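Per-entry structural report
Listed below are the residues making up each chain.
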There are 2 protein chains.
Amino acid sequence: MAETVVRYENLVEFTRQLFQSIGCSAADATTATEVLLSADLRGIDSHGIARLSGYIRLWEAGRVNATPSIRIIHETPSTAVVDGDSGLGLVVAPYAMKVAMQKAAQVGTGWVSVQNSNHYGIAGWHAMMALEQEMIGISMTNASALVAPTFSTERLLGTNPICVAIPAGEEPAFVADMATTTAANGKLEILQRKNLEAPIGWIQDAEGKPTTDAHSLKTGGALLPLGGDREHGSHKGYALGAIVDIFSAVLSGANYGPWVPPFPAYVPMPTGMPGKGIGHFFGAMRIDAFRPAADFKKDMDNWIRRFRSAKTVPGETSVLVPGDPERELESVRREQGIPLLDPVIEDLQSLAQKFSIPLRLA
Amino acid sequence: MAETVVRYENLVEFTRQLFQSIGCSAADATTATEVLLSADLRGIDSHGIARLSGYIRLWEAGRVNATPSIRIIHETPSTAVVDGDSGLGLVVAPYAMKVAMQKAAQVGTGWVSVQNSNHYGIAGWHAMMALEQEMIGISMTNASALVAPTFSTERLLGTNPICVAIPAGEEPAFVADMATTTAANGKLEILQRKNLEAPIGWIQDAEGKPTTDAHSLKTGGALLPLGGDREHGSHKGYALGAIVDIFSAVLSGANYGPWVPPFPAYVPMPTGMPGKGIGHFFGAMRIDAFRPAADFKKDMDNWIRRFRSAKTVPGETSVLVPGDPERELESVRREQGIPLLDPVIEDLQSLAQKFSIPLRLA
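Conventions used here
Residues numbered from 1 in each chain as written. Chains lettered and ligands numbered in written order. Predicted model: local features only at pLDDT ≥ 70, side-chain atom pairs only at ≥ 80, totals over all residues. Heavy atoms only, no water. Helix = DSSP H or I, 4+ residues; strand = E, 2+ residues; numbered from the N terminus. Contact = heavy atoms within 4.5 Å. Areas by Shrake-Rupley, 256 points an atom, 1.4 Å probe, with all protein chains shown as cover. Lys, Arg positive; Asp, Glu negative; His and termini not counted. Charge placed at Lys NZ, Arg CZ, Asp CG, Glu CD. Pairing = 2+ DSSP bridges. Least-squares fit on C-alpha atoms with pLDDT ≥ 70 in both. Axes fitted to C-alpha atoms, helices over the stretch in contact; angles between N-to-C directions. Parallel < 35°, antiparallel > 145°, perpendicular 65-115°, else oblique. Left-handed = near helix turned anticlockwise from the far one by under 90°. Buried area = accessible area lost by both parts, 1.4 Å probe. Salt bridge = Lys/Arg side-chain N within 4 Å of Asp/Glu carboxyl O. Polar contact = N/O pair within 3.5 Å; in protein donor to acceptor, adjacent residues only side chain to side chain. Nonpolar A, V, L, I, M, F, W, Y, C, P; charged D, E, K, R; others polar. Buried < 20%, exposed > 50% of the residue type's maximum accessible area, 1.4 Å probe, protein only. Core = buried A, V, L, I, M, F, W, Y, C linked by side-chain atoms within 4.5 Å. pLDDT = per-residue confidence, 0-100.

**Here we look at the overall build of chain A**
When its secondary structure is counted, chain A shows 10 helices and 12 strands. Seen along its three principal axes, the alpha-carbon backbone of chain A occupies a region of about 55 × 50 × 50 Å. Residue pairs in contact within chain A that sit at least 24 positions apart in sequence constitute 65% of those at least 6 positions apart. As displayed, chain A has an accessible area near 13,200 Å², and 51% of this comes from carbon and sulfur atoms. Side chains of chain A carry 31 positive and 38 negative charges; the gap between the two charge centres is 2 Å.

Here is the structure:
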């Protein structure tokens, strides 16, 4: 499929104007744009500008509030629950992460569960906010159900990602950002577009049997939890996805399990929803609430260097530290631009026309 | 291999007397016994009384201090670092978890990283302490290196387990207790004893190639992170094990990665150790620091019932909730006794003789 490389700055300008034209404040539009496009910079293409038209359709369907009153509805010195007032998750999540960091500044750590939000882009952006203040950042979110728990034929969990970002000294930060499934849905979508088969362990069919048919989610199939099957520990991936769901939604009063609102605006809302919107969970831990930051950083550098210099299996050049591939891609794409597939370009062009916003591709 | 079923109470009595005869106080011996044997009750046989002689050998080697001065060496309202003074992890860990819970009672959550400890039994026992006080409990520990990160032929991480225990209302608690590898080392040991092959995805050989030889850890092989290989997400299992290592040891000043002290007392200590002993990490979050506990419990019950009643794949009777198998086994074994393999019985008999403690098997 053909693709066009577009400068990051051009996409920023377009996206910011688009968010403003649906009613977002200038500050919110800037935040939402930075969060959304961080996915494109870091190579998680499924969660970036390719989803922009999806966000706009949610606003058109009345499911996104462009001018939310985001607020804390309950708190203790180290915790809070935030009500996102149906705002863009791209705006609600940074607000909530800031609350977590403020609490960490006060009492050592901060933990915030969020109700009444929407999709928040990549987990990594929010967790990485903590790095600038010498804190460990944690970010997770639930999402609409695509994943079958071990032994189930029903889809009851989202791909429910977790990110943990840990500062280092001279070395770049450790940033683990991952779906709790064997493969993220975005990777499956790539196979679908290219009409390729999926490896066994990524998905099952409607009867719960392993399948390589990348299209099986359209016929009742499901993504599989990390591990793939019981013998390979899928009950652990299932447990991780469940923990994300419970911390994000049962702790906040959002929707959980099969009741999480779907991302495509044309999919009807589930019946009998127990909570409000989508849920997220954030944590911030001040390094010096445990140890002098300088000591910690020295050990983190030592940790990172030891792992990066480990002997490799034949054919691989080095053992990676979580965050290495995304950081390297980000530096390339900031410089050289972001490759967009034709359908994404067409999507942006129709948004440009509809909202009368200039879209510069060259 | 032949086995004998021994009453739980008999094992408690023997183990308690043994810990007292190496110098533990009566209170510490009681705690250590309860923690150690909870593994046998819950079916994690590799971490229970089968390890008792190993703990004693560590004491004989001067690596376990039976009368430690466990203390907080740094703290904020929501955090602490605990120095275990080389005590039994079975005693240090409950101390540290209590500190986390006290902080949660005060400011909503508590987070404790531990240095200078030893193996702490099963992660689950410590996390489950929180359940009685309507808190979520989190427990993790590093361990000596048996696991190769993705692309590595070197063993740099332990099986580094994570447990998250979440209270419910009328339903039993959600308790996910898992090694961050595809399969725990205990499962591999079972295959070794029975001379069976391991599934592909559990282990690699010395060159980093997938193998089914359950004995390959003796010839330079390694356990694999959850996921098994890169295509099936082993980089995620590696990241999880790394997070456990960093929270447990880099945050506390314990040893990490390949420098974690080995459990077998005859294995020499690694050279160039950067910290003190083994590290753990504990968390406690008060439910009502987020939401009224009654509301949370109602939603947890709803979550658990929805998952447990999901449609199953053919041949399975129900979708399990994390903690179900261990809880069911515990109720059986408390009643009917704990099956012990002959080599374990012989181990206990030689301890009984050496320390002149009566061992009742019938």
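**Let's talk about the sheet that holds strand 8 (residues 203–204) of chain A**
What holds strands together in a sheet is hydrogen bonding between their backbones, with the strands either parallel or antiparallel. Residues and elements named next belong to chain A. Here three strands make up an open sheet; going across it, the order is 9-8-10 and the pairing antiparallel. Every other strand in the sheet has two partners, leaving strand 9 (210–211) and strand 10 (222–223) as the edge strands with one partner each. The sheet contact formed by strand 8 and strand 9 spans two bridges and is antiparallel. Pairing of Ile203 across the sheet is with Thr211, part of strand 9.

**Remarks on the relation of the copies chain A and chain B**
Aligned on chain B, chain A shows an RMSD of 0.0 Å; the corresponding rotation is 180 degrees and the shift along the axis is 0.0 Å. The transformation relating the two chain copies, once decomposed into turn and shift, fits a two-fold axis. By C-alpha distance to the rotation axis, the residue of chain A lying nearest is A:Gly227, at 2.4 Å. Looking at chain A, 100% of its interface residues are interface residues in chain B too, so the copies touch through the same face.

**Digging into the packing of helix 1 (residues 8–21) of chain B against helix 2 (residues 26–41) of chain B**
Residues and elements named next belong to chain B. Relative orientation of the contacting elements helix 1 and helix 2 amounts to 140 degrees, with a least axis distance of 8 Å. It follows from the interaxial angle that helix 1 and helix 2 lie oblique. As helix 1 packs across helix 2, the resulting crossing turns out to be right-handed. Contacts from Tyr8, Leu11, Val12, Thr15, Arg16, Phe19 and Gln20 in helix 1 reach Ala26, Ala29, Thr30, Ala32, Thr33, Leu36, Leu37 and Leu41 in helix 2.

**Quick word on the interface of chain A and chain B**
With 91 residues of chain A at the contact, the number on the chain B side is 91 residues. Both faces combined, the contact of chain A with chain B buries some 7,200 Å², and carbon together with sulfur accounts for 69% of it. The largest share of the area that chain A buries against chain B comes from A:Phe151, A:Lys236 and A:Phe290, three residues that together contribute 11% of it. Remark: the boundary between chain A and chain B carries two salt bridges. A:Glu154 serves as the salt-bridge partner of B:Arg306, at 2.6 Å between the closest nitrogen and oxygen. On the surface where chain A and chain B come into contact, there are 36 residue pairs in polar contact (both at pLDDT 80 or more). At 11 residues, the largest contribution of residues to the side of chain A that touches chain B is made by helix 7 (residues 234–250) of chain A. Partitioned by chemical class, the residues of the side of chain A that touches chain B number 52 nonpolar, 25 polar and 14 charged.

**Quick word on the packing of helix 1 of chain B against helix 10 (residues 342–355) of chain B**
All names here are of chain B. Between helix 1 and helix 10, the shortest axis-to-axis distance is 11 Å and the interhelical angle comes to 45 degrees. The angle between helix 1 and helix 10 falls in the class oblique. Relative to helix 10, the crossing made by helix 1 is left-handed. Counted together, Leu11, Phe14, Leu18 and Ser21 of helix 1 and Leu348, Leu351, Ala352 and Phe355 of helix 10 form the full contact between these two elements. When grouped by side-chain class, the residues that make up the contact of helix 1 with helix 10 number seven nonpolar, one polar and no charged.

**Re unusual backbone geometry**
As a rule of thumb, non-glycine residues mostly have phi less than zero, and peptide bonds are mostly trans rather than cis. Residue and element names in this part refer to chain B. At Ser86, a position not held by glycine, the phi torsion is positive, near 60 degrees. Counting through the fold element by element, Ser86 comes out in the loop between strand 3 (79–83) and helix 4 (89–107). Owing to a relative accessible area of 25%, Ser86 belongs among the partly exposed residues under this scheme. Its identity is not glycine, yet Asn195 carries a phi of approximately 55 degrees, on the positive side.

**Considerations on helix 3 (residues 52–60) of chain B**
An α-helical segment advances 3.6 residues per turn. Residues three or four places apart therefore align on the same side. Residues and elements named next belong to chain B. Where helix 3 is concerned, the buried positions are Leu52, Ser53, Gly54, Tyr55, Ile56 and Leu58. The inward-facing, buried residues of helix 3 abut helix 1, helix 2, helix 4 and helix 10. Where helix 3 ends, the next residue or the one after it, Gly62, has phi of about 80 degrees, a positive value.

**Some words on the pattern of salt bridges**
All names here are of chain A. Considering all chains together, one arrives at 32 salt bridges over all chains under this definition. A salt bridge links Glu134 to Lys297; the shortest N-O distance between them is 2.3 Å. Residue Glu134 is located in the loop between helix 5 (123–128) and strand 5 (135–141), and its partner Lys297 is located in helix 8 (residues 293–308); the two are separated by 163 residues in the primary sequence. Given a relative accessible area of 25%, Lys297 falls into the partly exposed group. The partner of Arg308 in a salt bridge is Glu171, and the shortest N-O contact between them spans 2.8 Å. Taken together, the positions of Arg308 in helix 8 and Glu171 in the loop between strand 6 (162–166) and strand 7 (174–178) put the pair 137 residues apart, joining distant regions of the chain. Taking relative accessible area as the criterion, Glu171 reaches 16% and is therefore assigned buried. Members of the salt-bridge network, linked through shared partners, are Glu170, Glu171, Arg305, Arg308, Asp324 and Arg327.

**Points about the environment of A:Val107**
Relative to the assigned elements, A:Val107 resides in helix 4 (residues 89–107). Along the backbone, A:Val107 and A:Ala289 are 182 residues apart, and their C-alpha atoms lie at a distance of 8.3 Å. Excluding residues that lie within four positions of it along the chain, A:Val107 makes contacts with A:Pro77, A:Ser78, B:Thr76, B:Pro77 and B:Ser78.

**Topic: the nonpolar core**
What tends to happen in soluble globular proteins is that the nonpolar side chains get buried as a cluster. In terms of nonpolar packing, the biggest core is built from 104 residues, with A:Phe174, A:Phe247, A:Trp303, B:Phe174, B:Phe247 and B:Trp303 touching the most fellow members. The contacts of B:Trp303, once residues within four sequence positions are left out, are A:Leu157, A:Tyr238, A:Ala242, A:Asp245, A:Ile246, A:Val250, A:Tyr256 and B:Phe174. Formed by 64 residues, the second largest nonpolar core is a distinct cluster that contains B:Leu90, B:Met129, B:Cys163 and B:Leu341.

**Focus: the confidence of the model for chain A**
Confidence in the prediction for chain A averages 97 pLDDT; 100% of positions are at 70 or higher. Listed scores for the predicted complex are pTM 0.98 and ipTM 0.98.

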